[in-house]
Amino acid sequence: MPAPTRIPPESLAASHHSLTLFATSLLLSLVAALSLSACAAEAPDHPFAVTVKADFDQPWAMTFLPDGRLLVTEKAGTLKLYDDAGVIGEVAGVPDVAFSGQGGLGDVVLHPDFGRNSLVYLSYAEKGAGGYGAAVARGVLQLDSAGGGQLTELQVIWRQVPKVSGAGHYGHRIAFGADGKLWISSGERQKFDPAQDMGANLGKIIRLNDDGSLPGDNPFANRGGVAAQVWTLGHRNPLGLAFDGSGQLWEVEMGPSGGDELNRIVRGENYGYPIVSEGRHYSGIDIPDHDTRPEFAAPIIAWSPVISPSSLIFYDGEEFPQWRGNAFIGGLSSKSLVRIQFAGDSAREAERFAMGARIREVEQAPDGSLWLLEDGSKGSEGRLLRLAKPAQGD
């Protein structure tokens with residue numbers, strides 16, 4: 001049996017040195033690439049300058065007051081009042097909320113005639129017989145000289161029916177139409193079938209008078225009960241609700257595994273969930289696409305991979321005139337601000353701005369700047385951001 005070949009120590013040392021140099025070089029290259037990637041994420045080439053204005057604890061929604069101050073909801077159940085000098089006060093009188101999972105204090109919207117009646121509308125999750133559900137209440141906002149205030153004459157004007165177990169898919173976005181009607185997005189609470197059940201108002205877009213009473217011209221008014229509230233059905237988790245400049249209502253909702261949707265909301269239509277979807281169940285089981293069931297209204301845009309839409313506005317400001325008539329969607333898992341361009345009843349994603357954080361809310365300020373709320377959950381910050389045109393020379 002031949003003796004094993006012996007490698008001289010000096011050769012081993014040289015080989016080890018070469019391998020070390022190669023590994024070090026490879027590591028430095030990877031670090032450099034990651035550093036460049038991080039820098040790109042921190043300082044992307046966006047057509048706007050971002051200013052951090054404040055920090056909040058898991059903020060969910062905001063709305064501007066006529067004097068330029070900002071109401072901000074925090075999921076745990078606090079309503080904050082922010083002014084541009086950086087002062088943050090608190091508004092008392094908020095209803096008790098069920099703060100768990102996706103539940104808590106949600107949307108905040110002013111009555112169209114707020115200047116006369118001072119009415120503020122809040123959505124939130126509440127506990128009751130049978131489990132949990134979303135509710136909408138309204139109250140009169142009374143501000144004080146110390147930078148805070150209170151809600152008085154609080155009145156619950158709508159509730160999800162029935163209350164169910166779990167803490168997901170409340171939806172509960174609020175919008176007012178030009179005719180003064182109140183619109184509410186109601187999620188199916190991760191229960192699937194209620195989205196098609198007209199004995200429940202889960203998985204629906206709801207239309208009410210501003211006091212919560214029922215308009216006589218709703219498409220299912222003659223059925224009575226909660227069906228009389230319904231404008232459209234077959235929705236999953238609708239988290240954005242907004243009117244375009246022509247008065248057309250649009251909605252964005254989270255799909256299952258894939259299949260996030262932008263929908264044009266049409267009176268009495270059924271949008272198909274959970275019978276159809278452009279996504280599939282998290283178990284991997286397929287859901288038939290909309291084109292297999294043409295009786296259901298199909299989304300104008302569907303996203304796979306998802307953007308996780310959180311909010312929706314239509315822009316008509318002066319700060320970015322090139323974007324008038326476009327919509328903006330806040331993205332959670334996509335950590336982005338998504339710009340949508342329209343041509344009649346069709347739409348397309350025109351641009352996606354990486355923001356480096358989960359975006360919970362987007363709003364347009366009176367001066368036309370865009371304001372964002374970071375989600376503040378999953379270990380992230382909950383900052384308030386202002387997006388405006390870059391200063392000359394930037």
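Note that this is a predicted model, so its numbers are computed, not measured.

Colleague: What should I look at first to understand the overall build of the protein in this one?
Modeller: Along the protein, the regular secondary structure elements total two helices and 24 strands. Looking at the protein as a whole, 52% of its 394 residues are labelled buried. Accessible surface for the protein amounts to roughly 17,600 Å². Of this, 52% is attributable to carbon and sulfur atoms.

Colleague: How do you make sense of empty space enclosed by the protein when you look at a structure like this?
Modeller: Leftover empty space is mapped by rolling, across the atoms, a probe with the size of a water molecule. All told, the structure shown has one cavity of 30 Å³ or more when counted by the stated rule. Put simply, the largest cavity is a space of about 30 Å³.

Colleague: Even after reading the chapter, I still don't get the pairing of strand β9 (residues 149-159), so can you show me in this structure?
Modeller: Across a regular strand the side chains alternate sides, sitting on one face of the sheet and then on the other. Pairing between strand β5 (residues 88-92) and β9: two bridges, direction parallel. When the bridges of β9 are listed, V91 appears paired with G149. In the sheet, strand β8 (residues 131-143) pairs with β9 via eight bridges, with the strands oriented antiparallel. Of the residues in β9, the one forming a bridge with R138 is Q155. Counting the residues that bridge the hairpin from β8 to β9 gives five residues, and of these G147 lies at a positive phi of roughly 90°.

Colleague: What is the right way to read the pattern of salt bridges from this model?
Modeller: Oppositely charged side chains are able to pair whenever their charged atoms sit close together. Counted according to the given criterion, the structure contains 21 salt bridges. Residues R339 and E351 are paired through a salt bridge, measuring 2.9 Å at the closest nitrogen-oxygen approach. In this pair, R339 is assigned in strand β20 (residues 336-343) and E351 in strand β21 (residues 346-354), connecting sequence segments 12 residues apart. A salt bridge links E349 to R352; its shortest N-O distance comes to 2.9 Å. Accessibility expressed as a relative area gives 27% for E349, which makes it partly exposed. Note on R352: relative accessible area 39%, which makes it partly exposed.

Calculation criteria
Residues numbered from 1 in each chain as written. Predicted model: local features only at pLDDT ≥ 70, side-chain atom pairs only at ≥ 80, totals over all residues. Heavy atoms only, no water. Helix = DSSP H or I, 4+ residues; strand = E, 2+ residues; numbered from the N terminus. Buried < 20%, exposed > 50% of the residue type's maximum accessible area, 1.4 Å probe, protein only. Areas by Shrake-Rupley, 256 points an atom, 1.4 Å probe, with all protein chains shown as cover. 1 Å grid on protein atoms, 1.4 Å probe; cavity = no way out; pocket = protein on both sides within 12 Å on 5 of 7 lines; lining within 4 Å. Points joined across faces, edges and corners; volume = space filled by probe spheres on them. Pairing = 2+ DSSP bridges. Salt bridge = Lys/Arg side-chain N within 4 Å of Asp/Glu carboxyl O.

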